[in-house]
Amino acid sequence: MGTLKDRLTTDMRAALKARDELTTSTLRMALAAVGNAEVAGKAKRELTDDEVLAVLTKEAKKRREAATAFADAGRAEQATKETAEGEVLERYLPKQLSDEELAELVAGALAAGGFTGKAQMGPAMKAAQGAVAGRAEGGRVAAEVRRQLGL
């Protein structure tokens with residue numbers, strides 16, 4: 001079908017034709033974020049699918065955090081809107097790992113690198129993030145690495 005960015009554009013146009021306002025506005029926002037990332041830096045460039053995926057992951061995380069903040073502030077309507085936008089973005093992200101799958105991948109990465117102590121947290125996180133490949137939030141990965149390293 002082409003790149004992830006092309007898929008976002010195609011889906012946004014389909015949502016526009018179907019008069020699906022939530023999906024249209026969410027995908028427009030996502031495409032704007034991708035466009036901003038493309039022009040960030042010294043020269044405009046096309047993002048790879050992995051880079052577009054990173055932008056979408058960041059946007060989905062923003063929606064989750066905003067929904068939590070709105071819910072805590074008693075603004076249920078805005079929280080619902082943010083949650084719905086996050087769900088639209090989730091369609092384009094890889095399926096998130098369960099806690100058991102995450103623990104298994106982190107254990108494998110730590111064993112392969114021979115990481116054992118607190119001093120090796122940085123390299124251990126890098127290895128774990130590589131094994132997880134964007135299928136779990138960094139906070140969850142860090143918590144699991146800390147737990148397995150006994151920190």
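What you see is a predicted model; the values in this text were computed from it and never measured.

When you go through the protein residue by residue, the secondary structure sums to 7 helices and 0 strands. For the protein, the N- to C-terminal ordering of α and β elements is α-α-α-α-α-α-α. Across its three principal axes, the protein shows a C-alpha extent of roughly 55 × 40 × 30 Å. Summarising the internal contacts of the protein: among those between residues at least 6 apart in sequence, 60% fall at separations of at least 24. The average position of the 24 basic charges and that of the 23 acidic charges among the side chains of the protein differ by 5 Å.

If you check the domain split of the protein, you get domain 1 (4-91) and domain 2 (99-149). A C-alpha centroid distance of 28 Å is found between domain 1 and domain 2.

Counting residues in hydrophobic clusters, the biggest one holds 17 residues, and the most contacted among them are Leu8, Leu27, Val52, Leu56 and Tyr92. Those elements that provide at least two residues to this core are helix H1 (4-17), helix H2 (21-39), helix H3 (49-72) and helix H4 (76-90). In this view, leucine 27 contacts Leu8, Asp11, Met12, Val88 and Tyr92; residues no more than four positions away in its chain are not counted. Membership of the second largest hydrophobic core comes to 15 residues, among which are Ala124, Ala136, Val141 and Val145.

Another aspect to go through is unusual backbone geometry. Positive phi, close to 60°, is recorded for arginine 19, a residue that is not glycine. Within the secondary structure, arginine 19 sits in the loop between H1 and H2.

Another aspect to go through is the side chain of threonine 24. Here threonine 24 is to be found in helix H2. Residue threonine 24 is classed as buried on the basis of its relative accessible area of 5%. If near-sequence neighbours (up to four positions away) are discounted, threonine 24 is found in contact with Met12, Ala15 and Leu16.

The next thing to look at is H2. When the terminal C-alpha atoms of H2 are compared, their 27 Å separation across 19 residues agrees well with the 27 Å that a helix rising 1.5 Å per residue should span. If you follow the buried residues of H2, they end up packed against H1, H3 and H4. Just beyond H2, the residue with positive phi is glycine 41, at close to 100°.

Mean pLDDT for the protein: 87, with 99% of residues reaching 70 or above. Mean pLDDT across the secondary structure elements of the protein bottoms out at helix H6 (residues 121-132), with 84, and peaks at H1, with 93.

For the pair H3 and H4, the least separation of the axes is 8 Å and the interaxial angle reads 160°. Here H4 runs roughly antiparallel to H3, going by the angle between their axes. The handedness of the crossing between H3 and H4 is left-handed. Contacts between H3 and H4 involve Leu56, Glu59, Ala60, Arg63, Arg64, Ala66, Ala67, Phe70 and Ala71 from the first element and Gln78, Ala79, Glu82, Thr83, Glu85, Gly86, Leu89 and Glu90 from the second.

As a further point, take the packing of H2 against H4. The relative placement of two packed helices is expressed as an angle between their axes plus a distance between the axes. Where H2 meets H4, the closest approach of the two axes is 10 Å, and the angle between their N-to-C directions is 70°. Here H2 lies roughly perpendicular to H4, going by the angle between them. When you trace H2 past H4, the crossing you get is right-handed. In this structure, H2 contributes Leu22, Thr23, Thr26, Leu27, Met29 and Ala30 to the contact, and H4 contributes Ala84, Glu85, Val88 and Leu89. Its residues assigned to classes, the contact of H2 with H4 comprises 7 nonpolar, 2 polar and 1 charged.

Conventions and cut-offs
Residues numbered from 1 in each chain as written. Predicted model: local features only at pLDDT ≥ 70, side-chain atom pairs only at ≥ 80, totals over all residues. Heavy atoms only, no water. Helix = DSSP H or I, 4+ residues; strand = E, 2+ residues; numbered from the N terminus. Contact = heavy atoms within 4.5 Å. Lys, Arg positive; Asp, Glu negative; His and termini not counted. Charge placed at Lys NZ, Arg CZ, Asp CG, Glu CD. Domains from an automatic or database assignment. Core = buried A, V, L, I, M, F, W, Y, C linked by side-chain atoms within 4.5 Å. Buried < 20%, exposed > 50% of the residue type's maximum accessible area, 1.4 Å probe, protein only. Expected span 1.5 Å × (residues − 1). pLDDT = per-residue confidence, 0-100. Axes fitted to C-alpha atoms, helices over the stretch in contact; angles between N-to-C directions. Parallel < 35°, antiparallel > 145°, perpendicular 65-115°, else oblique. Left-handed = near helix turned anticlockwise from the far one by under 90°. Nonpolar A, V, L, I, M, F, W, Y, C, P; charged D, E, K, R; others polar.

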